[in-house]
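Here is what each chain is made of, one letter per residue.
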Amino acid sequence: MSRRLPPRADVIRARTVAAPCRPGVWFLVVATVAAAVALTACDDAGAPSTPGTNAAGTPSASRNAGSSAAAPADDTLALIQTWIESAVPAYAVTREPPVVVGVPAFDAALAGLAEARGTDRAALRETIAAFENQLSTQRMVTVDDRFFIAMAKHDFREAAYSLESAAEAAESDPVKAADRYRWAALAYVSEGNPQRAQKALTRARELLNPELADQADAWARVAHEELLNLCQLKQPEDALDLARKLIAHYETKLGSRDPQTLRALNDQAYLNRKAGETNVAEVSIRSALSGLEEQQGADHPDTLAAVLNLAGLFEQKQEPDAALEHYQRVLTAREARLGPNHHATLAAAGLVARTLRTLGRRDDALPLFERAHQGYLDQLGGDAFPTLAAASNLGAILVETGNVERGEELFKQAATGMEITLGLEHPEAVTARMQLAQLARGRGDLGAAQTEFERAVKIFDRTLGPDHEQSIAAMSLLVNTLLARGRGAQAVPYIEQLAQRTESAYGFEHPAALEATTQLAMVRFRTGRLDQAIALIDRVYDARDRSLGADDPQTLGTLQAKAQFLEMAERFPAAEADFRRAASTLRRVLGADDPQALNARANLGAFLTRRERYDEAEPLIRSVLDASTAALGADHPDTAVRHFQLAAVHLGRNQLDRALPHLRAAADGLLTFAVTTQQQHPELGNVLGTYNGALLHQAQQDEAISEDDAKATFNQLLEKHGLTREQVLGPGR
């Protein structure tokens, strides 16, 4: 059975697999190789795949843009071309800007090429290096040869400029020129310049006429790569328009049931779901999947790409059980076809592990994360990007399962390695540092965490844009850290930005946007702008009512926040009605002893206490205290707060003797919580101050009790927990 997942705005989402599989972007570093390209082409839950590969996954035709094959050196040039072609389809496997095809992807491709040839990477590197040094003295080098050599040296800018110039000179031959523009676009993307790549791809498509038989295939190749680049540039409408044109092209040329048409339909569905059109996407994915199963078999790479797309759709709809079933199907198929340690199999294992983690099945997820990390370590080495990403994933699950020391060590390896491989300000390296900052925050080092999160926000805003999910996640972490440090005023402008960004990026009804708007409403509430606070919380309530239903616990939690705002605005009847509705509904939906239901009843009791309706408040709060003690235990912080609420009733009636035992129980419980967890409960200061004041007030009323006796009673409680009066109340108190 599927279940709705609560939003976790304060947690950086973990990478999906050892080589991260994130949606909607073009060229990302991968652990794919020539033998695995087609099989890993949709590891991010069905993102657009790469055309032009055969069933084995190798390029179906050479894309050499004009090199001669006459000289002996051509064998090595062909090797270089094969190496580069192995890395080209990388963008179809994992997509997250601004990581691009580039050095790590080429190194991964080289590893695969070495494996396929039965040699090692070092020997291949030596062969290529010797060829690069000798080629110019052995033969004439064409501009196309220079492109491949520059790419092999990772000199992407030189490669792009040289081939784009050659493309301009060859426009009298549209197919040849378009092919050169397409390769130049690869080089531009590899250096992190998708804008320049788009110009090259647009020009390539302009040169070609899909209605001409000799240009149709070239047009389709260019259009597909332009579609991917438009995803990178966050132009989903243009990408969708191009996807529709591709489908129409293939339907006309090949028919609606041809695998190429069905692959294009699956790609369009991916774009539909990324645009939030989940119903439209599901119809298309299921149609593509059915056709591909019929045409190519249940375990064909194209079929599995559609399965991954469907799994991603289920994740998007917050149905992780259904997603897990489809990810597991892909893993099983790849294990049977490719073996347990193949790159594509490891990627699928990572997707299964991620989903198990989402479902809270960490013990099941941990071995798969271990497997992915060790597999990439064996295949690519410890300094390869996929291995580093796998270390980060494994570190996250280890921290969650209690092995913080090993998890932190893996985070450090990932952060250091990514900074060396990708650069200090690369988003992946910054994300790795943020994971270390989260551990620092957990240890109470909030200052160090704040510094790292502030740095991350600045870098992500500059490199990814303010509305990117990583930018939003970093700002959310910064906000929560500032609030934890008691720096609410400093957090206010970030909270305002966070609400704007989440709504802009995801739409107002997305859980992250609703959470951010709720925070903004609380800021407005605490700064006395009650009308604005009520208007904001009303919007959140209405959105959750529509999407989750009136009886959903999140909706009812928002209703209670609204009731608090209405009470502060002295709209007491409306506030009471909302408090009562939340309490009765949660009791009915969750059960009388559920903690959230108990909290709602306690909130109603506290409201009645503030309205001095003690006869109604006392039996309600007492019943909640009894239920909390039985269900949660006498030492639970919620039970301690109930004691404090009952004490408030007695204090309101001037029943000091009846209030003091409950104040002591409240103080004792919250101090136990603080010492045990190293976290201070929000009510602790209020409880201790009230208990101390009540003891001193008792001393003033009762001649048999001195002020020193009152202080001694308070000090005894503090000493029980290893604390002093000065630590709790400050000097001189």
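Residues numbered from 1 in each chain as written. Predicted model: local features only at pLDDT ≥ 70, side-chain atom pairs only at ≥ 80, totals over all residues. Heavy atoms only, no water.

Enquirer: How should the packing of aromatic side chains be read in this particular structure?
Expert: Under the defined criterion, the tally for this structure stands at 5 aromatic pairs. With a centroid separation of 5.3 Å and an interplanar angle of 40 degrees, the aromatic rings of Phe579 and Phe607 are classed as tilted. Residue Phe579 is found in helix α25 (residues 572-590), and its partner Phe607 is found in helix α26 (residues 595-610); the two are separated by 28 residues along the sequence. Comparing Phe579 with Phe607 shows no difference in burial state: the two are buried. Aromatic side chains Tyr691 and Phe714 sit 5.9 Å apart centroid to centroid with 50 degrees between the ring planes, which places their arrangement in the tilted category. (Phe/Tyr/Trp six-rings, centres within 6.5 Å; stacked < 30°, edge-to-face > 60°. Helix = DSSP H or I, 4+ residues; strand = E, 2+ residues; numbered from the N terminus. Buried < 20%, exposed > 50% of the residue type's maximum accessible area, 1.4 Å probe, protein only.)

Enquirer: Sorry if this is basic, but what is going on with the pattern of salt bridges here?
Expert: Close approach of charged atoms lets side chains of opposite charge pair. Per the stated rule, a full pass over the model turns up 41 salt bridges. In this structure, Glu452 engages Arg455 in a salt bridge whose closest nitrogen and oxygen atoms are separated by 3.0 Å. With Glu452 and Arg455 both in helix α19 (residues 446-463) and 3 residues apart, this pair spans about one turn of that helix. Its relative accessible area of 18% is what places Glu452 among the buried residues. A relative accessible area of 26% places Arg455 in the partly exposed class. Residue Arg610 pairs with Glu567 through a salt bridge whose shortest N-O separation is 2.6 Å. Of this pair, Arg610 sits in helix α26 while Glu567 sits in helix α24 (residues 553-568), placing them 43 residues apart in sequence. For Arg610, a relative accessible area of 45% corresponds to the partly exposed category. Judged by relative accessible area, which is 11%, Glu567 ranks as buried. Among the charged side chains, a network of salt bridges with common partners joins Asp615, Glu618, Arg622, Arg653 and Arg658. (Salt bridge = Lys/Arg side-chain N within 4 Å of Asp/Glu carboxyl O.)

Enquirer: I would appreciate a short explanation of the confidence of the model for the protein chain in the present structure.
Expert: Fine structural detail should not be taken from predicted coordinates in areas where pLDDT scores are low. With 85% of its residues at a pLDDT of at least 70, the protein chain reaches an overall mean of 81. Low pLDDT, under 50, characterises residues 1-43; the stretch is placed with 199 contacts to residues that sit more than four places away or in other chains. Between residues 50-72, whose pLDDT stays under 50, and residues either more than four places distant or in other chains, the model counts 50 contacts. (pLDDT = per-residue confidence, 0-100. Contact = heavy atoms within 4.5 Å.)

Enquirer: Honestly, the nonpolar core in this entry has me stumped. Any pointers?
Expert: A general feature of soluble globular proteins is that nonpolar side chains tend to end up buried together. In terms of nonpolar packing, the biggest core is built from 62 residues, with Phe147, Met151, Leu227 and Leu271 touching the most fellow members. In terms of residues, this core owes the most to one element, helix α6 (residues 174-190), which gives 10 residues. With sequence-adjacent residues up to four places away left out, Leu271 is seen in contact with Leu227, Cys231, Ala239, Leu240 and Ala243. Counting 49 residues, the second largest nonpolar core, distinct from the first, contains Val457, Leu520, Ile537 and Phe607. (Core = buried A, V, L, I, M, F, W, Y, C linked by side-chain atoms within 4.5 Å.)

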